[in-house]
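Structural features, examined
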Amino acid sequence: MKIEIGESLFYSWLRHVKFCQLVQTNWKISQQWELMDMKRIDEMMSKVDVFFYQKHKYRIFKNNLSLIQLLNQGECDVLGIKFNQCTENEIYAVDVAFHEGGLNYGDKETTIMKIIEKCVRTAFCIYGYINSSTAEIIFGSPKINRNILSDLNVCFDELNDIFKREGFNYKFSLVANESFNEEVLQPILQVSHEIADTSELFLRSYQLFSMFGTERKRTTNQQSISTVKKIESEVNDLNIASNRYSELKIGKIATIYLRNVLESGNITDLELAKLQTFEYSKDKFDIQYPLLVKEGINYEKDRYYKLPLFIKGQKYYMCSQWYEGEANNDRPYLIKWLNMHNSK
């Protein structure tokens, strides 16, 4: 069976970064499965098609005569499910494309329409055959030309708005270029030395490459020995030392583990409100800005990550001002909060 390197990368990412217990590549529906709520899906297909034609003159489903034909053509590159004990299970569906010269399905408009069609079709399959209206649907590519990427970002925001208005809790995410490296590639490389599964071909290839001394050098920690000992002492005093965090910089811990906890829905509405205040964020994380700001609120954009979070159906942005140093060290605060919230 053919295995694409991008699929293998996201297979490992869903398992070891998103902590999905069940992951499958090349997920396709069976025509023997029951399609649930076909009428609503058909209505959504029409609404999406009309919206993008009226707004951009895109014919998203021009090659499909019917909903059934559309669904039967679908194949999700990687599907992952994270089973939670106290909250709703989390579903991740990924389509990934790796074109060395830059993503290209034809001209600009054709490329954009094909990506939108892929993502919407995956949403319909999840709703119709898994019976879930909550999922994160990701399109990933390490290289998309800027003129295509800017228009795609707009289309993904519009997709999120359309489905939200219709009562769905789908999050459509575009992970490309810098965000592909920061959110997917680097986090999985950070944990690669802990994984010894021969079925994970991307990681095995990277491990083979690293054996011969060509591994990318880890960024050296600029703190003094005394400061490192101080941090270790603080963490140990809190009884929260974890090998999971030991080789990650604080920014990576925030963008991977803190993001996962916040988006899991496990925090209370009261704490969510507090996390949007300076006083609580300073007390719990020792940062100088509110940890979260809700979309629509005026804030200093250069102090927050560009990639939004979706918490209980609302869009937020997370503070990016994390520091590790002798005079200012946020790391013990962050790890303590994660430990208290049972972060995986």
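Residues numbered from 1 in each chain as written. Predicted model: local features only at pLDDT ≥ 70, side-chain atom pairs only at ≥ 80, totals over all residues. Heavy atoms only, no water.

This part takes up the overall build of the protein. Along its length, the protein carries 12 helices and 8 strands. Here the protein holds 344 residues, and the buried ones make up 50% of them. A sequence separation of at least 24 residues applies to 70% of the contacts in the protein between residues at least 6 apart. In the structure as shown, the protein presents an accessible area of about 17800 Å², 49% of it carried by carbon and sulfur atoms. (Helix = DSSP H or I, 4+ residues; strand = E, 2+ residues; numbered from the N terminus. Buried < 20%, exposed > 50% of the residue type's maximum accessible area, 1.4 Å probe, protein only. Contact = heavy atoms within 4.5 Å. Areas by Shrake-Rupley, 256 points an atom, 1.4 Å probe, with all protein chains shown as cover.)

The next point concerns a nonpolar patch on the surface. Judged by side-chain polarity, Leu 208, Met 211 and Phe 212 come together as a nonpolar surface patch covering roughly 400 Å² of accessible area. Within the fold, Phe 212 resides in the loop between α7 (201-210) and α8 (225-237). (Patch = residues over 30% accessible without salt bridge, like charges linked within 9 Å, V, L, I, M, F, W, Y side chains within 5 Å. Salt bridge = Lys/Arg side-chain N within 4 Å of Asp/Glu carboxyl O.)

The subject of this paragraph is empty space enclosed by the protein. Scanning the model with the defined rule gives 5 cavities of 30 Å³ or more in all. Its boundaries defined by the atoms lining it, the largest cavity holds a volume of some 160 Å³. Lining the largest cavity are 15 residues, with Trp 13, Lys 18, Glu 183, Arg 259 and Leu 307 sitting closest to its centre. Elements with a contribution of two residues or more to the lining of the largest cavity: β4 (134-141), β5 (169-176) and α9 (250-263). Ranked by residues supplied to the lining of the largest cavity, first place goes to α9 with 5 residues. (1 Å grid on protein atoms, 1.4 Å probe; cavity = no way out; pocket = protein on both sides within 12 Å on 5 of 7 lines; lining within 4 Å. Points joined across faces, edges and corners; volume = space filled by probe spheres on them.)

Before going further, it helps to examine the confidence of the model for the protein. Averaged over the protein, the pLDDT score is 85; the fraction of residues at 70 or greater is 87%. Confidence drops under pLDDT 50 across residues 214-242; counting only partners more than four residues distant or on other chains, this segment forms 30 contacts. (pLDDT = per-residue confidence, 0-100.)

All right, on to helix α11 (residues 278-285) then. Three or more residues of α11 are buried, namely Tyr 280, Ser 281 and Phe 285. Relative to the axis of α11, the buried residues are bounded by an arc of 95° and lie together on one face. For α11, the exposed residues set more than 90 degrees away from the buried face come down to Glu 279 and Asp 283. Elements in contact with the buried residues of α11: α9, α10 (269-274) and α12 (331-340). Taking the backbone nitrogen of Tyr 280 as reference, a side-chain oxygen 3.4 Å away marks Thr 277 as the first, capping residue of α11. Just downstream of α11 lies Asp 286, where phi reads positive at about 60°. (Arc of directions from axis to C-beta. Polar contact = N/O pair within 3.5 Å; in protein donor to acceptor, adjacent residues only side chain to side chain.)

For Trp 337, the position within the fold is in helix α12. On the basis of relative accessible area, Trp 337 is assigned to the buried category, the value being 2%. For the pair Trp 337 and Leu 258, spaced 79 residues apart in sequence, the C-alpha separation works out to 8.9 Å.

Attention now moves to the side chain of Lys 118. Topologically, Lys 118 is positioned in helix α4 (residues 108-130). Apart from residues lying up to four places away in sequence, Lys 118 is in contact with Asp 95, Tyr 105 and Phe 139.

Turning to helix α6 (residues 178-190), a few remarks are in order. Along its 13 residues, α6 runs 17 Å from first to last C-alpha, staying within 8% of the 18 Å computed at 1.5 Å per residue. Regarding α6, the residues found buried are Ser 179, Phe 180, Glu 183, Val 184, Gln 186, Pro 187, Ile 188, Leu 189 and Gln 190. Those residues of α6 that are buried lie in contact with α1 (5-16), β3 (90-96), β4, β5, α7 and α9. (Expected span 1.5 Å × (residues − 1).)

The strand order across the open sheet formed by 3 strands is β6-β8-β7, and the pairing between neighbours is antiparallel. A single partner strand is all that each edge strand has here, and the edge strands are β6 (292-294) and β7 (309-311). Taking each pair of neighbouring strands and ignoring which way they run, the sheet shows an average axis angle of 45°. Relative to β7, α9 is tilted by about 25°, and along the sheet it contacts β6, β7 and β8 (314-318). (Pairing = 2+ DSSP bridges. Axes fitted to C-alpha atoms, helices over the stretch in contact; angles between N-to-C directions.)

On to the packing of α11 against α12. Where α11 meets α12, the closest approach of the two axes is 7 Å, and the angle between their N-to-C directions is 95°. Considering the angle they form, α11 stands roughly perpendicular to α12. Counting all contacts with α11, which are made through Asp 283, Lys 284 and Phe 285, the residues of α12 involved are Tyr 333, Leu 334 and Trp 337. Taken together, the residues of the contact of α11 with α12 sort by class into 4 nonpolar, no polar and 2 charged. (Parallel < 35°, antiparallel > 145°, perpendicular 65-115°, else oblique. Nonpolar A, V, L, I, M, F, W, Y, C, P; charged D, E, K, R; others polar.)

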